Amino acid sequence: MASLIKDQSKLSPYRDRRFPGTQEEFEHALLTSTTIYIGNMSFYTTEEQVYELFSRAGEIKKIIMGLDKNTKTPCGFCFVLPSVPSPATAIPATPTAVFPVATVPATATAVSPAVESNYALIRYYSREDAEDSVKYISGTILDDRPIRVDFDWGFQEGRQWGRGRSGGQVRDEYRTDYDPDILLKGGYGKLVQRE
Ligand code: GTA
């Protein structure tokens, strides 16, 4: 029990309203899962860039890029999964692309969870690697944006889509700050302006 209380301090305040269980089950899933969520990504960051950066923490099973449910284009997040990738979506063992700026600081810096655009889910083979990515990669600058890495309860079909009314991420629809990535995709404070 003491170690569970200690571990809970590693968890972010994010609660997935669609998790099919109790708060206790949600926290248990977060504390044992090998899946992580990445938020505040640029809409232009590719799966290969995510692979290149996050494989530094350990061997990755799969990456799921978060997509706008209407346009089917990246909208700022991604996830990583347990299944073996199909040939069509296989992640190369060695990335071949030349990646744009992905600055990895010697020590991670804190990132405000308030601003979040593009996202991804990553699944590692081991819990230790997932913990290292949350500890050391969160705050890294990727494509000029400080990304946020969070433990995730696990991927299920449907979670790759943004849940906002516009198709993108919910929080982008409430933004009142200027963000060129979001603005270019038409997501800048849309609902705030309408309401
Ligand atoms: N592990 O931090 C996260 C995380 N986030 C932010 C999203 N996901 C996350 N997973 C982890 N950690 O699968 C996952 C979701 C989903 C996918 C896309 O990414 O589990 P989403 O971002 O489009 O929708 O999800 P989500 O997560 O359901 O929205 P959020 O941010 O919790 O918002 C919840 C409610 O709060 C909304 O209904 C809205 O009414 C309100 N809200 C959110 N932001 C604001 C704001 N700035 N102002 C006012 N109200 C707001």
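The structure this text deals with has already been given above.
Residues numbered from 1 in each chain as written. Predicted model: local features only at pLDDT ≥ 70, side-chain atom pairs only at ≥ 80, totals over all residues. Heavy atoms only, no water.

Engineer: Any chance you could explain the overall build of the chain here in plain terms?
Structural biologist: A count of helical and extended segments in the chain gives six helices and eight strands. Ordered by position in the sequence, the α and β elements of the chain form the string α-α-β-α-β-β-β-β-α-β-β-β-α-α. Taken over 195 residues, the chain has a buried fraction of 45%. Counted over contacts in the chain with a minimum sequence separation of 6, partners at least 24 positions apart contribute 74%. When the accessible surface of the chain is summed, it comes to about 10,200 Å², and 57% of that surface belongs to carbon and sulfur atoms. (Helix = DSSP H or I, 4+ residues; strand = E, 2+ residues; numbered from the N terminus. Buried < 20%, exposed > 50% of the residue type's maximum accessible area, 1.4 Å probe, protein only. Contact = heavy atoms within 4.5 Å. Areas by Shrake-Rupley, 256 points an atom, 1.4 Å probe, with all protein chains shown as cover.)

Engineer: Explanation requested: the packing of aromatic side chains in the structure shown.
Structural biologist: How two aromatic rings sit relative to each other is set out by the distance from centre to centre and by the angle between their planes. Enumeration over the complete set of coordinates arrives at four aromatic pairs. On the numbers, 1.3 Å between centres and 10 degrees between planes, the contact of Phe-77 with Tyr-119 is stacked. Of the two residues, Phe-77 is situated in strand S3 (residues 74-79) and Tyr-119 in strand S5 (residues 118-124); the sequence distance between them amounts to 42 residues. Judged by relative accessible area, which is 0%, Phe-77 ranks as buried. Cluster of aromatic residues (ring-pair linked, three or more members): Phe-19, Phe-26 and Trp-153. For the cation-ring pair, Arg-15 lies above Phe-26, with the distance from its terminal atom to the ring centre recorded as 4.7 Å. Arg-127 extends its terminal NZ or CZ atom over the ring of Phe-151, reaching a point 4.3 Å from the ring centre. (Phe/Tyr/Trp six-rings, centres within 6.5 Å; stacked < 30°, edge-to-face > 60°. Lys NZ or Arg CZ within 6 Å of the ring centre and 35° of its normal.)

Engineer: I keep staring at the pattern of salt bridges and nothing clicks. Help me out?
Structural biologist: A pair can form between side chains of opposite charge whenever their charged atoms are brought close. On inspection of all chains with the given rule, the structure shows seven salt bridges. Lys-10 is the partner of Glu-131 in a salt bridge, and the nearest nitrogen-oxygen pair spans 3.0 Å. Here Lys-10 lies in the loop between helix H1 (2-8) and helix H2 (23-32) and Glu-131 lies in helix H4 (residues 127-137), a separation of 121 residues in the sequence. For Glu-131, a relative accessible area of 24% puts it in the partly exposed group. What makes Lys-10 partly exposed here is its relative accessible area of 37%. A salt bridge links Arg-163 to Asp-16, with the shortest nitrogen-to-oxygen separation between them at 2.7 Å. Here Asp-16 lies in the loop between H1 and H2 and Arg-163 lies in the loop between strand S8 (148-151) and helix H5 (180-184), a separation of 147 residues in the sequence. On the accessibility criterion, Arg-163 (23% relative accessible area) is partly exposed. On the basis of relative accessible area, Asp-16 is assigned to the buried category, the value being 0%. (Salt bridge = Lys/Arg side-chain N within 4 Å of Asp/Glu carboxyl O.)

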